[in-house]
Structures are given as C-alpha cells and as structure tokens.
Amino acid sequence: MTGHPLRIGFIPLVDASALIVAVDKGFTAEEGLDVTLVREVSWSNVRDKLNIGLFDAAHLLAPVAIASSLGLGHIKVPIVAPFNLGINGNAITISPALHAALMAQADGDPADPMVTAKALARVVVARKKTGQEPLTFGMTFPYSTHNYQLRFWMAAGGVDPDEDVQLVVLPPPYMVESLASGLVDAFCVGAPWNSVAVDLGIGHILHFVADILQRAAEKVLAVRGKWADENPEVLARLIRAHQKAADFIENPANRAEAAEVLSRADRINVDAEVIRRTLDGRLKISPDGTMRSSERYLLVGREGAARPDSVQAAWLYAQMVRWGQTPLTDAGLQTALSVFRPDLYDAAIGSKAGNGHSITDGVGAFAGPVFDPRDISGHLKSVEIKRR
Amino acid sequence: MPAEPFFKIVIVDESPIRAAILEEGLREAGFTSVERIGDMHNLLARIYALDPDVILIDLENPSRDVLEQMFQVSRAVKRPIAMFVDQSDSASIQASVDAGVSAYIVDGLKKERIKPVLDLCISRFNAFSRLQNELDKTKSALEERKVIDRAKGLLMKLKGLSEDEAYVLMRSTAMREKKKIGEIAQSIITASEMLK
C-alpha cells in the first residue's frame, strides 16, 4: 500500500522535532501518509515553496504564517496553522564583553529580565557618551519571535530597538561565528546555537525566552488555507501523526531515542547529546560550566503546547503593529487570528482538552499589563517605545 | 529587447564558478554593470554601498533571509520592493524557484524590465546545474573504476586469476546478486581489509 504523498519543508532546528519524529518513527505512515521531508537553508525558501505549492506543509516561524496571510514582505497567501510545533525554545546569548558590562550595571538579580533590560539601557547611554558604535543584536528574520522577544525585552528597560541599538538578520548557522568575530554583540536564536556559543567559550546565555514570555508560540505546522479546505481528511491525519510524535517526545523514557533520530545527518545534524539537553531544558549557560534547568525552555506538546492558541496570534500581530510592520486594523487582526486553528486541531484529535495550561492571559509577559487579545490598542497604549 | 547598460545588478553567490557564468551571460546580453558578492560578511552594508537595481541570490544561500530585512521600513535605505509583489506572478516565482535562483529588486522598477534578466538567470542556472551533474557523474565513474581495479588486483593475487578472469568473476557475481559491479568490488575490498 502506498500512502498519500506529501512534501514537507523544514529548517534543521530542535523545534522541528514533532515533524521529524512523526515521519521517522512512522507515525505519518501509520496514518497512511507518505511524507518526504525537505531540509531548507532559509525561512524565505520555506515560505516561498509553501506559498507557491512546492511544499504541501512546512515547519514555519509562527509570525511568518501571519505575515504571509497579511501579504507582508511577499505575496499574500492565506496560511493556516492547525498544529503548534513548539512553545518557547529560544535564548538570548551575549558576548563576554557585553556580559561583563551588563553585570557591572545590574541593579538586582540578573536572572530578572527587567534588571538586565535596565542595565542594557545604562550600557547604551554610557556607549553613546564615549562615542562608541551602537550594540548590534542578531536575530533570524524580520517576522520572527526572536525579533519580537528581543524588542519586547529591551524596550521594557527603556532601550529603543531601532534607535539605540542595531538589530540585524543573521542565518542561525552564522550566529556563533558573528559573535566570535565581534560582528554582533548578542543574538536571539533557537537551539542548538546558543549552546554551541557557550561550549566554544564565546558567549553567555543571558535569558531563556521563557523569562520574557512564559508562553510564546515559536514554530507552527503551516499549510495553505486553500489546501486545508481541499484536503481536510489528509490534514486531520497529519495532525494526528504530529500529536503522536509530540507525545512520544514528551515521554522522558523516549528522549534518548528521539534525540538520536533528530541528530541524523539529513535531519538536524548536531550531536544527540545537545538535542537531548535542549529537549530536557538543561543548558550550560556560561563558559565556566554553570548549568541552568527550566521546565519551560521548550514545550513540544506538553501543557497544551500543540494546540494553536489564538491569543498567541493576537500577541504576534500586536508586535507587528508596535514595530511598524503593519497598521492596526480590525480586518488585520481577524486575519491574524484566523491563521491559528484550534478547531482543526480539536476535530482531528477528537479532544476538548481546553488550553491545558495555567498562564492567566496565555502569554505571561515579564513586563506590562495582562494581555487582552480583544484590546490591541490598549496593549499598544501601555508601552512607551513603539513605531508610529 | 535591448538591455539597459546602467541597470546595476549584484550577484550574491558563494560559488565563484556559477557567479562567473551568470555574470558572463548578463554581460553578453548587454548588462555591463554587474557586481559579484561571494563573501557573506556584512552583506547588507555592502549591498547598500553598491546600491543595485536588482539583486540575484542563490536559493541554497542561507543569507537569503538577510535580504528580507531590506523589505522592512528602514532608516538605512529607501523603501525597497520585492520583485514578485502580486499574485499573478506566481508562475515566474515558480520558475525561478525551480531553477534555484531568486531575485529581488531594490528599487521601484517595473517588473517587465527585470523579466529578461530573470529569464537569462534561470537558463544559466539550469545550464550550470547540468554541468555540475555531468561533473558529479564523471567523478563517480572515475571513483568506481578505481575501486574495480583495486578489487581486480586483490582477486588476481588471492586466487591466482588473470586480469580478465578476475573481471569476469566480479561481473558474473554482480549479475547473479543483482548488484552493480562497483558494489561487488567494494565488498571484496572491505572483506579483504577485515581479513587482514
């Protein structure tokens, strides 16, 4: 028996785990799907190949799914996300020099992102006074959680991400080298790149992004809206296969096997031990060997992580508006909300589990008032630094 | 359609051979202002400095995402426009994606003016990948010849066969086991190394 053929694109990152395990452990085959995974080198490629139909589905940055649906940055193609591949998973890594400068300026516990953001503001002022170049921060894409997380953090401390520092897009494989060569002073990226920098002794992990937002939708399984409408049964099977994979990965007894599957050369192609530590949320954060564990580092399915949450779509849309990428309109918000499809997830899984977590507003930001998805303009009024 | 000599084109490609082939094609077609960037360091700053009308980039280049930043409202450059801005262009995007090339326009040019450049790039990219394929094939054929020769030598020494007999033995084994002669040769070499 041959299954329904599907081509699915991915970027080699640990948050593609549910997709890769779904295919390589045979969960997609069990659902009668014959999936070919295609490894890509850039988010632009993934987006374009999904948009024009060379891919049936893709591992995609959650904000790119929204940007495509709004027609930002490229052609307008409505995208839907019926499965959330990961919550959180990024970290902010800084050079030893910036680390020393921030620690010297820190007024309180540097594990608190408000303390580090305010310390950053003082470092920025000091650099301006002495005529030094502005600090440069690397992130992965204009429409990326990394971009919005960095901005949210530094702006809360009074640093304007467009005026006071430089934010530059860097492909993840170049992040570490750029930090070593001084091209950037810091970056925000997913696994395994933060650990690579720490292991080389050229970076300190300052924060897990879970310190900034307790829940941030990171990557989604994305399909074209039209494709979803035309292939409801195939999509439901794909969602079920992903759920089985997420459950498999979240069972600690399977972690070693999952890490081995993910580490293969044609998949993520990094050491299984590094992947294992990422899945366990146990990372070396300093070249001196200091370890840090977090239950919130990367969620692949647990605490309702797999179920798309429209609050996340609203929060991402609010950041796009805040930083001048799109104007605030009711239609825009509706489009963003319609990308995340918990209804498709529920129908495929056959569960009414609810949201599965206990974060009051679904986001849990370290600064600012509770986030209300029905009041984006209220959210924007509550922040000082923004674009008009 | 006559080419526009002052139409400034930048090729971003880490493969110097392919970039050279592209550049040559563009020059032959009358585009005289062509620059190449092969090193991805400080890519945006260098592109801003060159201020091109069109950027061509290989789809296998991770730095493609760096270029996306130019499409943001930015204080550093005038607002750039992506080449394929409307839905009706999806056929030409598909063609360029299939060929492995992507193009961006940095200024508000009309898309008709870029069409000949893109068509040329697609055909040059295709020609380059054909060349690459042939090269790979030739290389692997050469490798296989070497392996077969080594296995032949082993058989001659171990079994006291002539060169022809050694070859015939390998070929008949390959046919019987429905394998390639190169695979049989490789297993002879592997086995002999294990038995050393």
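Residues numbered from 1 in each chain as written. Chains lettered and ligands numbered in written order. Predicted model: local features only at pLDDT ≥ 70, side-chain atom pairs only at ≥ 80, totals over all residues.

## Observations concerning the overall build of chain B
Logical step 1: What chain B contains, in helices and strands, is 7 helices and 4 strands.
Logical step 2: Secondary structure of chain B in N-to-C order comes out as β-α-β-α-β-α-α-β-α-α-α.
Logical step 3: A buried classification covers 31% of the 196 residues belonging to chain B.
Logical step 4: Taking all contacts inside chain B whose residues are at least 6 apart in sequence as the whole, residues at least 24 apart take part in 64%. (Helix = DSSP H or I, 4+ residues; strand = E, 2+ residues; numbered from the N terminus. Buried ≥ 20, exposed ≤ 12 C-beta atoms within 10 Å, placed from the backbone. Contact = placed C-beta atoms within 7 Å.)

## Some remarks on the overall build of chain A
Logical step 1: Counting its secondary structure elements, chain A contains 17 helices and 13 strands.
Logical step 2: The globule rule puts the C-alpha radius of gyration for 388 residues at 21 Å, and the 20 Å found for chain A is close to it.
Logical step 3: Each principal axis of the C-alpha atoms in chain A carries an extent, and together these give about 70 × 45 × 35 Å.
Logical step 4: Summarising the internal contacts of chain A: among those between residues at least 6 apart in sequence, 76% fall at separations of at least 24. (Rg over C-alpha atoms; globule rule 2.2 N^0.38 Å.)

## Concerning the nonpolar core
Logical step 1: Ranked by internal contacts, the top residues of the largest apolar core, which has 170 residues, are Ala81 and Ala222 of chain A together with Ile55 and Leu56 of chain B.
Logical step 2: Other than its neighbours up to four places away in sequence, Leu56 of chain B contacts Ile9, Ile11, Val12, Leu22, Val101, Ala103 and Cys121 of chain B. (Core = buried A, V, L, I, M, F, W, Y, C linked by C-beta atoms within 7 Å.)

## Looking at the sheet that holds strand β2 (residues 34-37) of chain B
Residue and element names in this part refer to chain B.
Logical step 1: Strand order in this open sheet of 4 strands is β2-β1-β3-β4, and the pairing throughout is mixed. Looking along the sheet, the strands with just one partner apiece sit at the ends: β2 and β4 (101-105). On average, each strand axis in the sheet is inclined to that of its neighbour by 20°, with strand direction left out of account.
Logical step 2: Pairing between strand β1 (residues 9-12) and β2: 4 bridges, direction parallel. What sits directly across from Ile9, in β2, is Val34.
Logical step 3: The sheet strands contacting helix α2 (residues 43-50) are β1, β2 and β3 (54-58), and the helix crosses β2 at an angle near 170°. (Pairing = 2+ DSSP bridges. Axes fitted to C-alpha atoms, helices over the stretch in contact; angles between N-to-C directions.)

## What about the packing of helix α5 (residues 96-105) of chain A against helix α6 (residues 113-129) of chain A?
Residue and element names in this part refer to chain A.
Logical step 1: α6 packs onto α5 with a crossing angle of 105° between their chain directions and a minimal axis gap of 8 Å. Between α5 and α6, the angle falls in the class roughly perpendicular. Across from Ala101, Leu102 and Gln105 in α5, the residues of α6 making contact are Thr116, Ala119, Leu120, Arg122 and Val123. (Parallel < 35°, antiparallel > 145°, perpendicular 65-115°, else oblique.)

## Examining the sheet that holds strand β8 (residues 186-190) of chain A
Residue and element names in this part refer to chain A.
Logical step 1: Taken in spatial order, the 5 strands make up an open sheet running β7-β6-β8-β5-β9, and their pairing is mixed. Among the strands making up the open sheet, the edge pair consists of β7 (166-169) and β9 (204-208). This sheet shows a mean twist of 25° between the axes of neighbouring strands, independent of strand direction.
Logical step 2: Judged from the 2 bridges that link them, strand β6 (residues 136-139) and β8 form a sheet pairing that is parallel. When the bridges of β8 are listed, Phe137 appears paired with Ala186.
Logical step 3: Strands β5 (90-94), β6 and β8 of the sheet are contacted by helix α8 (residues 172-180), whose axis makes an angle of about 155° with β8.

## Some points on helix α1 (residues 16-28) of chain B
Residues and elements named next belong to chain B.
Logical step 1: Spanning 13 residues, α1 covers 18 Å between terminal C-alpha atoms, matching the ideal 18 Å at 1.5 Å per step.
Logical step 2: Every buried residue belonging to α1 is among Arg18, Ala19, Leu22 and Leu26, and all of these are buried. Viewed end-on, α1 has its buried residues packed into an arc of 100°, placing them on one side of the element. Exposed residues on α1 whose side chains face more than 90 degrees from its buried face are Pro16, Ile17, Glu24 and Glu28.
Logical step 3: Where α1 terminates, the next one or two residues include Gly30, which has phi positive at roughly 100°. (Expected span 1.5 Å × (residues − 1). Arc of directions from axis to C-beta.)

## Concerning unusual backbone geometry
Residues and elements named next belong to chain A.
Logical step 1: With an omega dihedral of 10°, the bond running from Ala191 to Pro192 counts as a cis peptide bond.
Logical step 2: Note that Pro192 resides in the loop between β8 and α9 (193-199).
Logical step 3: You will see that Asn88, though not glycine, has its phi angle at about 65°, which is positive.
Logical step 4: Locating Asn88 in the fold gives a position in strand β4 (residues 79-88).
Logical step 5: The class for Asn88 is buried, based on 27 C-beta atoms found within 10 Å.

## Re the environment of Ala106 of chain A
All names here are of chain A.
Logical step 1: Looking at where Ala106 falls in the secondary structure, it is placed in the loop between α5 and α6.
Logical step 2: Residue Ala106 is classed as partly exposed on the basis of its 17 C-beta neighbours within 10 Å.
Logical step 3: Separated by 13 residues in sequence, Ala106 and Ala119 have C-alpha atoms that sit 5.1 Å apart.

## Observations concerning the interface of chain B and chain A
Interfaces are often described in size by the accessible area the parts lose on coming together.
Logical step 1: Chain B puts 19 residues into the contact, and the matching count from chain A is 23 residues.
Logical step 2: The set of elements that each furnish at least two residues to the side of chain B that touches chain A consists of α3 (64-68) and α4 (90-99) of chain B.
Logical step 3: Class assignment of the residues belonging to the side of chain B that touches chain A gives a composition of 9 nonpolar, 6 polar and 4 charged. (Nonpolar A, V, L, I, M, F, W, Y, C, P; charged D, E, K, R; others polar.)

## Considerations on the pairing of β3 of chain B
Regular strands place side chains that alternate from one sheet face to the opposite one.
All names here are of chain B.
Logical step 1: For β3, the buried fraction is high: 5 of the 5 residues fall into the buried class.
Logical step 2: Residues Val54, Leu56 and Asp58 of β3 are buried on one face, and the alternating residues Ile55 and Ile57, pointing to the opposite face, are buried as well.
Logical step 3: Direction of pairing for β1 relative to β3: parallel, over a ladder of 4 bridges. Opposite Ile11, over in β3, you have Leu56 as the bridge partner.
Logical step 4: By the bridge criterion, 5 bridges tie β3 to β4 in an arrangement that is antiparallel. When the sheet's bridge partners are listed, Asp58 is paired in β4 with Val101.

## Quick look at the packing of helix α4 (residues 62-70) of chain A against helix α15 (residues 330-339) of chain A
Residue and element names in this part refer to chain A.
Logical step 1: Their axes nearest at 9 Å, the elements α4 and α15 cross at an angle of 130°. With respect to α15, the element α4 is oriented oblique. As for how α4 packs across α15, the hand of that crossing is right-handed. Contacts between α4 and α15 involve Ala65, Ile66, Ser69 and Leu70 from the first element and Gly332, Thr335, Ala336 and Val339 from the second.
Logical step 2: For the contact of α4 with α15, the residue count by class is 5 nonpolar, 3 polar and no charged. (Left-handed = near helix turned anticlockwise from the far one by under 90°.)

## Digging into α5 of chain A
All names here are of chain A.
Logical step 1: Buried within α5 we find Leu98, His99, Ala101 and Leu102. Down the axis of α5, the buried set is contained in an arc of 165°. They therefore lie on one face. Exposed residues lying more than 90 degrees from the buried face of α5 are Ala97, Ala100 and Ala104.
Logical step 2: Against β5, α6, β8 and β9 lie the buried residues of α5.

## As for the confidence of the model for chain B
Residues and elements named next belong to chain B.
Logical step 1: Averaged over every residue, the pLDDT of chain B is 82; the share at 70 or more is 85%.
Logical step 2: Taken as a whole, residues 74-79 scores under 50 in pLDDT and shows 4 contacts with residues more than four places along the chain or in a different chain.
Logical step 3: Reported confidences for the modelled complex are a pTM of 0.87 and an ipTM of 0.88. (pLDDT = per-residue confidence, 0-100.)

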